[in-house]
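Report on the structure
One letter stands for each residue in the lines below.
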Amino acid sequence: GGHLLQSAQSSRAEPASFVDILEERRRGSDISHALRAFSPPPGCGAPPPSPSALNKMVLESQHLRYVVAAESGKPQARVREEAAALLDEMSQNLQVTFIRLLGFALSKIFTRLFRRIQVNEDGLARLQQATQEHPVILMPNHRSYVDFLVLSYIMFTYDLSIPVIAAGIPLMGMSLIGEIFRRSGAFFIRRAIGSDKLYWAVLSEYVRTIVRTGFAPVEFYVEGLRSRTLKSLTPKMGMMHMVLEPFLKGEVYDLSLVPVSISYDRVLEESLLAHELLGVPKPRETTRGLLKARRVLEQDYGSMHVYFGNPVSVRELAKGRIGRGQYNLVPRDLPGRPSEESQAFASAAAHRVVRLQERGTVLSPWSLTALLVLQRPDGTRWDLLARDTLWLRGIALQLGARLDWPADLPDLEVMSSSMALHRSVVRCEEGCVWLVEEAGPEPVTQEEGVFRRASAVLMCASYRNQALHVFTRPAMVAVAMGTVPGHSQEDIYRHFCFLRDLFANEFVFVPGCGPQDFEEGCSGLQQCGAVSATDHELKPTEEERDTIVFLSAILEPFIETYQVTGDNCTLLYFSLRNCLSFFPSHFREIFPNSTRNPVTLRRDTEGYLPPTPTCCKLQCPNIYFRQSHCRIHPGSCSPTPLCGPQVATSSPI
Amino acid sequence: PKATLQDIMKWNGWGYSDSRFLFNKKGQGEFTGKRYRLSGMILPSLKDWFEATFGTSLQHKTPATPTLNVSAVPPPNLVEPFVEELKVAGVAASHDPEGRVFRSHGHCLHEIFALREGRIGRVPDLVVWPNCHNDVVKIVELACKYNVCLMPYGGGTSVSSALECPLEETRSVVSLDTSQMNRILWIDEKNLTVHVEAGIIGQDLERQLNESGYCTGHEPDSMEFSSLGGWVATRASGMKKNIYGNIEDLVVHIKMVTPRGVIEKSCQGPRMSTGPDIHHFIMGSEGTLGVVTEVTMKIRPLPEYQKYGSIVFPNFQQGVSCLREVARQRCAPASIRLMDNEQFQFGHALKPQVSSIFTSFLDGLKKFYITKFKGFEPHHLCVATLLFEGDREKVLQHEKQVYDIAAKFGGLAAGEDNGQRGYMLTFVIAYLRDLGMDYYVIGESFETSVPWDRVLDLCRNVKERIVRECKERGVQFPPFSTCRVTQTYDAGACVYFYFAFNYRGLADPLHVYERVEHEAREEILANGGSLSHHHGVGKLRKEWMREAVSTVGLGMLQSVKEYVDPNNIFGNRNLL
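Definitions and limits used
- Residues numbered from 1 in each chain as written.
- Chains lettered and ligands numbered in written order.
- Predicted model: local features only at pLDDT ≥ 70, side-chain atom pairs only at ≥ 80, totals over all residues.
- Heavy atoms only, no water.
- UniProt positions renumbered as here; feature names shortened; annotations may be inferred.
- Helix = DSSP H or I, 4+ residues; strand = E, 2+ residues; numbered from the N terminus.
- Rg over C-alpha atoms; globule rule 2.2 N^0.38 Å.
- Buried < 20%, exposed > 50% of the residue type's maximum accessible area, 1.4 Å probe, protein only.
- Contact = heavy atoms within 4.5 Å.
- Areas by Shrake-Rupley, 256 points an atom, 1.4 Å probe, with all protein chains shown as cover.
- Buried area = accessible area lost by both parts, 1.4 Å probe.
- Salt bridge = Lys/Arg side-chain N within 4 Å of Asp/Glu carboxyl O.
- Polar contact = N/O pair within 3.5 Å; in protein donor to acceptor, adjacent residues only side chain to side chain.
- Nonpolar A, V, L, I, M, F, W, Y, C, P; charged D, E, K, R; others polar.
- Pairing = 2+ DSSP bridges.
- pLDDT = per-residue confidence, 0-100.
- Lys, Arg positive; Asp, Glu negative; His and termini not counted.
- Phe/Tyr/Trp six-rings, centres within 6.5 Å; stacked < 30°, edge-to-face > 60°.

- As annotated in an unreviewed UniProt entry, chain B carries the name Alkylglycerone-phosphate synthase and is attributed to Electrophorus electricus.
- The record held by UniProt for chain B lists under Cofactor (unreviewed entry) the comment "FAD".
- Quoted straight from UniProt, the Subunit (unreviewed entry) entry for chain B says "Homodimer."

- If you check an unreviewed UniProt entry, chain A appears there as Phospholipid/glycerol acyltransferase domain-containing protein from Electrophorus electricus.
- In the Subcellular location (unreviewed entry) part of its UniProt record, chain A is described as follows: "Membrane".

Have a look at this one:
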């Protein structure tokens, strides 16, 4: 549990003071900003090697030599050439000139797009300190294409070493832009590497060499891809292993993982995301596409927040959790899969970082409003919505949320201006708030009608998702309480664990931290005054009954989407493997009618719909698709949102 | 017994009573006595280095208790009939408190620190001085008869708590001092071997052999005081092992007295295939199985020519790469050692006052050449010291080969003087800890061996770990944390760490010190280093033995102990 738990218990977020970096840009000259003296403090390692020297180190590494020698059936020289070609495709070519160029362009763009870019300077100070001690791994969450641009821009502005960034290879394909990114420190990773050993070897050695030499922070998205639903994704482990390895092998004394939480009042790609979720294929990243997207520049995206979290020492994390002597009897360069112990450690570390990203995320008032709007999709009165948003703000603050709620403005104004930013999703007319339907000719089929509404619902759901992590654990305890006869903490915990396993792919839980999660949920409820805890019991309080009901309702759509109804009302469970391995006996108990074998569904890595004929479920829990039919799940359109979870009798809870 | 080292050595510090570092009234460093090249010299830069490195002030002193308080020594627990029979057998024995205290410790920090504060722990109840192998046979027989615990004592230079009396030992503890068994019994010039009683002290053995035109070439840093029997019992390593080998390479025959009887081989064949080598049960047994009484070892004619040398490298990494290359080409000189930057600066602090303006001008010129002209960063550069031996022509050839390799790694030859001073420092550096302890500074050295590819990582991580652990435990000023590579092998190197800190403001400095040393050892093991290269395990590192040799390995050693000494007569409880 360690450090994370400690911060979990003091649930109120420590205050962070944010500074708007655009303010100075609006006053000063962009040119002189771009051309100013840029002298980041030296990193912990040797001076930066030139990109070609770096590539040479990689190609001549013992690790690569092992792998090249193991490639049978081809002449060694050929394999070496292939490796060099892969490296050429992959490698960054960081040049300060291009950083300046980019800095100039971004000053222009960002000042148009955003009202403010809010950055916590104390976090940057800690980051600067960390870069001088040990290699730093910057781990931002990924919500928009501009995430990494913003980060590099901030680093440039604050005179910090420009990070070397792991980017998806589609970006490289954009003519000109790809090259600009490369010279701004991006290196490119193919999707779906599969079992291409040589590629893995080149990539991992490249990453490890950068980490080892420590000349610049390495930046990568531990979530692996842009979250289309704005909900945190369970981490991907490939890059995580690569960056951790130099520590596990003793090649560096320590590593600092720096979680970075990026949040937008309004995400640039919001409608694109909604369409992707509805199955419209993601447009290919092209320069032409980018130019077309210029109209994006004409809109108002409000503020964005970048919160640099406390650096996490990998050495501290590893203490007592992993034996570092595991490479004592083999050459450290020998290619091989990480041990089970290392995998478990890397996974726990990655999950922790995502949790820290969540904790650092700054929420806009709209996120809270969206949560409520979604529960009243058929429209609601503005005054009621405002009242409930204020009520929700109280709960959110009790639960430790970071809110961007200006204290110097009247609350009503804060809420309405925050909502006004989302004209494309909600409208407020004659004191009533409505979800917007996409314009177009009268719908011909029901399906089309659903589609038009869906986009607004999905966008709304996405903004709700941004705030979800605040409520998840208390809500799970609340649901568990509602399903247990009596108030025994032990029973509630058991049901809580069931939900935790069920939602393992839905929300981010640090593996093995069930008790801590439960503790966090319980203490959250206590903070809100919704429960009273004695030694062995957890009882809801009469006064705050609403809170329990409300929190349960938040999870309702998620619970319901996990009950995908088949032809014969047979319950199929997504991610059943997880449930079954923990509750094998439970399963029969819970699903006495189940005759089918559990089906595990593949999740497409790109996030949009694969054309599979059978049931499949998206990351977004509000809709499910069956045999290419799309419906919005009633769970999110329930007319009576403020009531307890209505769960089928055969359900687990 | 005849005069022993006890008469001319400190009772609560390192080495000869007449030799010590001090800061004189002017605040200048000084080394007293006449025994060493540095003796009687003024060390003008020592004070500044000392104060800057440890954040100390000469105002704050922590002097040692001047004399041993005899009344604090626990009365001896004697087995009268045992003492009687010893007397009858003509073996010298004494329960004089000073002698018992002198043999109750080695030179671990905690042992010396306690003595300086006048704290006396469990000490042996009796000291016996056998004169020869047969005396030892007699003593061991009597010990078995009366169930007395025997602890062999050679030079007393242990740094593994090996000489500490186990607190849980309730029997009478007898220190078996081998110092009287110090004769060279014969020299065999046809086979180039020498047969010696195991109590002989290193420098005496070497000096006497030199008079006959020979040497063993075995020169551990402790050779002024450590004994041949001690080397065998701990698997010692000598500075010039590249030419002469470590103790296991030098030994031809060993005679040891155990409770089961005497163990030895039947011939002096240079190599045998007769099952596991029984010498390897003896070497490294750390006094748990018996007493080594006589040893036959190899000798070599004295080398015709010796030459020191030194090389400056731009940084430690380059230096290690050079040593690795030297090892790869198997052309290591008799000794090659690489100091890191901190030790290089430390070495400078011990430079005696230069006699002429010309020398200091030359020094300045050298410094200018290296740092300004060659662009070496004064806070990164490091130095290797070298010692070549052999016939003149070959030495010069060899020297060229090594300097050519060094040049490939950016190394610059830095003169014989620096090299020679480096080796001289080896012998005086141990005295320096006592000076530190006069001014709130405690420290220690420890060592390991590690594969080549992990040398750099291990050095960096262990040094850093020491710094961090000190900080975490409330040490106010960053510690002195430094290392050097002292031996090269085909597959790896021996690394030596020095670590010291200013303990002002700490409630329990010894505890802090012990925790940091413990963590440093953990770090060594996590980085693929060994539990010990030549200091041994003793009681200090016992907790890691199972991890180091596996459960089965430990069981094998235990079963040997079980057979050889079922009643634990050799009860120092080292190793196992």
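Topic: the overall build of chain B
- Scanning chain B from terminus to terminus reveals 18 helices and 21 strands.
- Against the compact-globule benchmark of 25 Å for 576 residues, chain B has a radius of gyration of 24 Å, which places it among compact chains.
- With the C-alpha coordinates of chain B rotated into their principal frame, the extents come out at 75 × 55 × 45 Å.
- Relative to its full complement of 576 residues, chain B shows a buried share of 56%.

Brief notes about the overall build of chain A
- When its secondary structure is counted, chain A shows 26 helices and 21 strands.
- Residues classed as buried in chain A amount to 56% of the 653 residues present.
- A separation of at least 24 residues holds for 77% of the contacts in chain A among residues at least 6 apart in sequence.
- Carbon and sulfur atoms make up 54% of the accessible area of chain A, which totals about 27400 Å².

Focus on the interface of chain A and chain B
- Contacts between the two partners involve 15 residues from chain A, matched on the other side by 14 residues from chain B.
- Summed over both partners, the interface of chain A with chain B comes to about 1200 Å²; 31% of that surface belongs to carbon and sulfur atoms.
- Its largest share of buried area at the contact with chain B, chain A owes to Tyr253(A), Arg324(A) and Arg332(A), together 49% of the area lost on that side.
- Counting across the interface, chain A meets chain B through four salt bridges.
- Close ionic contact of Arg324(A) with Glu523(B) constitutes a salt bridge, the shortest N to O distance being 2.8 Å.
- At the surface where chain A touches chain B, the tally comes to twelve residue pairs in polar contact (both at pLDDT 80 or more).
- Tallied by class, residues from the side of chain A that touches chain B come to three nonpolar, four polar and eight charged.

Side note on the UniProt feature "domain: FAD-binding PCMH-type" (unreviewed entry) in chain B
- Summarizing the sequence annotation, UniProt attributes the feature "domain: FAD-binding PCMH-type" (unreviewed entry) to residues 120-302 of chain B in the numbering used throughout.
- Spanning residues 120-302 of chain B, this segment combines 23% helix with 26% strand, and its end C-alpha atoms are found 44 Å apart.

Points about the sheet that holds strand 18 (residues 412-413) of chain B
- Taken in spatial order, the seven strands of this open sheet run 18-15-17-16-20-21-19 (chain B), and their pairing is antiparallel. Edge strands, defined here as strands with exactly one partner in the open sheet, are strand 18 and strand 19 (441-451) of chain B.

Description of the confidence of the model for chain A
- On average, residues of chain A score 80 in pLDDT, and 82% of them reach the 70 mark or higher.
- Note on residues 564-653 of chain A: pLDDT under 50 across the span, and 160 contacts to partners over four residues away in sequence or across chains.

Section: helix 13 (residues 238-248) of chain A
Residues and elements named next belong to chain A.
- Most of helix 13 is tucked away, with ten of its eleven residues classed as buried.
- Among all positions of helix 13, only Met-239, Met-240, His-241, Met-242, Val-243, Leu-244, Glu-245, Pro-246, Phe-247 and Leu-248 are buried.
- Just past helix 13, the residue Gly-250 takes up positive phi, approximately 75°.

Some details on the sheet that holds strand 13 (residues 426-429) of chain A
- Strand order in this open sheet of three strands is 11-14-13 (chain A), and the pairing throughout is antiparallel. Pairing within the sheet leaves two strands with one partner each, and these edge strands are strand 11 (380-381) and strand 13 of chain A.

A look at the pairing of strand 7 (residues 256-264) of chain A
Residues and elements named next belong to chain A.
- The buried fraction of strand 7 amounts to nine of the nine residues, a majority that puts the element mostly inside the structure.
- Of the pairings in the sheet, the one linking strand 7 to strand 9 (residues 312-313) comprises two bridges and is antiparallel in character. Residue pairing for strand 9: Ser-256 is matched across the bridge by Ser-313.
- Bridge count between strand 7 and strand 8 (residues 303-308): five bridges; the pairing is antiparallel. Within strand 8, the residue paired with Tyr-264 across the bridge is Met-304.

Quick look at the side chain of Glu269(A)
All names here are of chain A.
- Here Glu-269 lies in the loop between strand 7 and helix 14 (270-277).
- Comment: no salt bridge for buried Glu-269; closest opposite-charge side chain is Arg-226, at 4.0 Å.
- The residues touching Glu-269, leaving out its near neighbours within four places in the chain, are Arg-143, Ser-144, Tyr-145 and Arg-226.

Digging into the packing of aromatic side chains
All names here are of chain A.
- Per the counting criterion, the structure on display carries 36 aromatic pairs over all chains.
- Their ring planes at 35° and their centres at 6.1 Å tell us that Phe-114 and Tyr-264 sit as a pair that is tilted. Taken together, the residues span a long stretch of sequence, with Phe-114 in the loop between helix 7 (96-113) and strand 2 (116-120) and Tyr-264 in strand 7 at a distance of 150 residues. When sorted by exposure, Phe-114 lands in the same class as Tyr-264, which is buried.

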